[in-house]
2 protein chains.
Amino acid sequence: MRGNAAFLPISTEELKAIEAFRIGTRRVEAGGTVIEEHSRSPHLYTLYTGWAFRYKSLSDGRRQILSFLLPGDFIGLQDEFAEGQTHGVEAASDATFCVFERDRLWDLFHAQPKLGYDITWLAAREEKMIDDNLVTTGRRNAGERVAMLLMHLYRRAERVGMVRDGWVPFPFNQQHIADALGLSLVHTNKTLRRLQRMGLHKIDGGWLRILEPHALEALGDYFERPLRLVPLI
Amino acid sequence: MRGNAAFLPISTEELKAIEAFRIGTRRVEAGGTVIEEHSRSPHLYTLYTGWAFRYKSLSDGRRQILSFLLPGDFIGLQDEFAEGQTHGVEAASDATFCVFERDRLWDLFHAQPKLGYDITWLAAREEKMIDDNLVTTGRRNAGERVAMLLMHLYRRAERVGMVRDGWVPFPFNQQHIADALGLSLVHTNKTLRRLQRMGLHKIDGGWLRILEPHALEALGDYFERPLRLVPLI
DNA sequence: CGAATACTTGAGCTCAATCAATCACGGTGG
DNA sequence: CCACCGTGATTGATTGAGCTCAAGTATTCG
């Protein structure tokens, strides 16, 4: 995975420190729970392969997907300080993770400040993505929301080399999209249908293809910058 | 400020490192711009006194307030890696800030890994708050949104000792609230009015008082946990 | 005493929610 | 082989929460 051009190179020493920090790997199949909502996981993870997402629910069951996770994403920092009120993480496709012990995070910072810095970077980068999602649910209408999400997911997947012939794996159903965008299932379906009929994109058999990237970017008022290299923990 | 019971104590050595990291203070009056939207600020800040908020706009002017900032909040990490697409920060009341040089952040991590760890903590804590805001705009209705916001702001202000006789300073107008909650100005007004008529809260002359905290918590399905001590950079 | 800013309220409209079927499809058990 | 599910996608009809438009009412300030 470190061969991937999306990630920052790393020194041998740092790599060793990461290896020492890691306590194993974990495999979760599609639909499986990675971190239970409301429970503070003793582990941190890096997503290694597959798709996952973070979510939170209200007590009557309404669910909001907070962000989608792709290979390289670091998981679990947020509930470092949350007393019980934490997000859940679920695998959207079959997925594999590197597992770390939360209680040893400080040791890592202490031994390798550079890796601490990298983790902060990752946290800040994720916060930026959530900022964008917040603008979406707060101020974009249905068409804009869908356009924005499709471009966002496509660009991120592209970045970590998941595109094959213009298609990226898209293991989400319409309920996922609705929950991410703060829309109802039915209205999500109608909006998706509309954009697809307009020829902007295509979703088929668990794969997504963007047909009119510029139109989608303009509609969503969302332009992903060429992303800088990202550290990989 | 370090006397405030909300903040973690700190060693003399760390304090010295922070002092060295700080390059000055800055005063911004109510309504003034702290960080311009779309411009990467060369500085990081800690809010020292007053209220501020982070926001992002769509190109047609629709604005979303991302989070509110209170004394002790660390500002500017998010655009560490953002190419141009950054949030703006504005002072809601007269406010003062400690100013740090962004380019020396890594030096700080290097010299004092503990402070790096603290900054990561702060970043994770802020991300958690944005997660909550995202649930709000995505899945709560107008009444729930307002209830949630009022309790959230009150609890946080209470925590840093801004309550006087049950009142906290509330330098926001209804447009701010609307932009934070993803509602229109008019509907925000009507909802605020409704809750106030129900006797749940009172806003008067720039001060907020919570009359029925339990009712507001129940309505908003939002229960702030007793917060742990927070590091102060 | 205007002029500007913020708040308030009513009326009507619209986007998106809800309700209610229907359809497609891949199991799976008889 | 086929009837029978269960899940997810799709579509139409209806409803409603929140939007926009339009006026009015404080309040402050030069």
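What you see is a predicted model, and the numbers here were worked out from it, not measured in a lab.

Undergrad: I'd like to hear about the protein's contact with DNA strand C, residue by residue, with values.
TA: In the vicinity of DNA strand C lie 13 residues, with A:Ala142, A:Ser184, A:His187, B:Gln174 and B:Asn189 positioned nearest. In DNA strand C, atoms within 4 Å of the protein come 67% from sugar and phosphate. Note that a phosphate oxygen of DNA strand C is positioned 3.4 Å from one of the side-chain N or O atoms of A:His187. Broken down by secondary-structure element, the contributors of at least two residues to the surface near DNA strand C are helix H6 (185-197) of chain A together with helix H6 (185-197) of chain B. A per-element tally of the surface near DNA strand C places H6(B) first, with 4 residues. For the surface near DNA strand C, the class distribution of residues is 4 nonpolar, 7 polar and 2 charged.

Undergrad: Give me the domain arrangement of chain A: which residues, what numbers.
TA: Residue and element names in this part refer to chain A. According to the domain assignment, chain A contains domain 1 (12-132) and domain 2 (140-220). Look at where the C-alpha atoms of domain 1 and domain 2 centre, and you get two points 24 Å apart. The partner domain 2 presents 18 residues to the 14 residues of domain 1 that form the contact. Note on domain 1 versus domain 2: buried area summed over both sides is about 1,400 Å², and carbon and sulfur give 66% of it. Residues Asp 179 and Arg 63 are paired through a salt bridge, measuring 2.8 Å at the closest nitrogen-oxygen approach. For the pair domain 1 and domain 2, the interface holds 6 residue pairs in polar contact (both at pLDDT 80 or more). Ranked by the residues each element gives to the side of domain 1 that touches domain 2, the list is headed by strand S5 (residues 63-69), at 5 residues.

Undergrad: Outline the sheet that holds strand S4 (residues 52-57) of chain B, supporting the account with residue identities and numerical values.
TA: All names here are of chain B. Taken in spatial order, the 4 strands of this open sheet run S2-S7-S4-S5, and their pairing is antiparallel. Bordering the open sheet on either side are strand S2 (33-35) and strand S5 (63-69), each of which pairs with just one other strand. For this sheet the average axis-to-axis angle between neighbouring strands, irrespective of direction, equals 30°. Two strands pair when backbone bridges link them, and S2 and strand S7 (residues 88-91) are joined in this way by 2 bridges, in the antiparallel orientation. Considered in S7, the bridge of Ile 35 is made with Val 89.

Undergrad: Explain the interface of chain B and chain A residue by residue, including any values.
TA: In this complex, chain B contributes 55 residues to the contact, which on the side of chain A involves 55 residues. Taken together, both faces of the contact between chain B and chain A bury some 5,200 Å²; the carbon and sulfur share is 59%. Viewed at the interface, chain A and chain B are joined by 10 salt bridges. Between B:Glu127 and A:Arg54 there is a salt bridge, with the nearest N and O atoms lying 3.4 Å from each other. Counting across the chain B and chain A interface gives 24 residue pairs in polar contact (both at pLDDT 80 or more). Listing elements by their share of the side of chain B that touches chain A, those giving two or more residues are S4, S5, helix H2 (105-111), helix H3 (113-139) and helix H5 (174-181) of chain B. Looking at side-chain class alone, the side of chain B that touches chain A contains 22 nonpolar, 13 polar and 20 charged residues.

Undergrad: Break down the protein's contact with DNA strand D for me, citing the residues and quoting the values.
TA: In the vicinity of DNA strand D lie 13 residues, with A:Gln174, A:Arg193, B:Ala142, B:Ser184 and B:His187 positioned nearest. For DNA strand D, the fraction of atoms within 4 Å of the protein that belong to sugar or phosphate moieties is 68%. A distance of 2.7 Å separates a phosphate oxygen of DNA strand D from a polar atom in the side chain of A:Gln174. A:Lys190 has a polar side-chain atom sitting 3.2 Å from a base nitrogen of DNA strand D. Secondary-structure elements contributing two or more residues to the surface near DNA strand D are H6 of chain A together with H6 of chain B. Looking at the surface near DNA strand D element by element, the count peaks at 4 residues for H6(A). Across the surface near DNA strand D, the residue classes tally to 4 nonpolar, 7 polar and 2 charged.

Undergrad: Talk me through the relation of the copies chain B and chain A; I want residue IDs and the actual numbers.
TA: In the superposition of chain B on chain A (RMSD 0.0 Å, axial shift 0.0 Å), the rotation amounts to 180°. Interpreted geometrically, this transformation is the action of a two-fold axis. Here 100% of the contact residues of chain B are again contact residues in chain A; the copies associate through an equivalent surface.

Undergrad: Give me the lowdown on the packing of aromatic side chains, citing residues and values where you can.
TA: Taken as a whole, this structure holds 20 aromatic pairs over all chains when the rule is applied. Ring centres of A:Tyr45 and A:Phe97 lie 5.7 Å apart, and the angle between their planes is 70°; this geometry places the pair in the edge-to-face category. Of this pair, A:Tyr45 sits in strand S3 (residues 43-49) while A:Phe97 sits in strand S8 (residues 95-101); the two residues are 52 residues apart in sequence, bridging distant segments of the chain. With relative accessibility at 1%, the residue A:Phe97 sits in the buried group. Sitting over the ring of B:Tyr55, B:Arg63 keeps its end group 5.8 Å from the ring centre.

What counts and how
- Residues numbered from 1 in each chain as written.
- Chains lettered and ligands numbered in written order.
- Predicted model: local features only at pLDDT ≥ 70, side-chain atom pairs only at ≥ 80, totals over all residues.
- Heavy atoms only, no water.
- Near = heavy atom within 4 Å.
- Polar contact = N/O pair within 3.5 Å; in protein donor to acceptor, adjacent residues only side chain to side chain.
- Helix = DSSP H or I, 4+ residues; strand = E, 2+ residues; numbered from the N terminus.
- Nonpolar A, V, L, I, M, F, W, Y, C, P; charged D, E, K, R; others polar.
- Domains from an automatic or database assignment.
- Contact = heavy atoms within 4.5 Å.
- Buried area = accessible area lost by both parts, 1.4 Å probe.
- Salt bridge = Lys/Arg side-chain N within 4 Å of Asp/Glu carboxyl O.
- Pairing = 2+ DSSP bridges.
- Axes fitted to C-alpha atoms, helices over the stretch in contact; angles between N-to-C directions.
- Least-squares fit on C-alpha atoms with pLDDT ≥ 70 in both.
- Phe/Tyr/Trp six-rings, centres within 6.5 Å; stacked < 30°, edge-to-face > 60°.
- Buried < 20%, exposed > 50% of the residue type's maximum accessible area, 1.4 Å probe, protein only.
- Lys NZ or Arg CZ within 6 Å of the ring centre and 35° of its normal.

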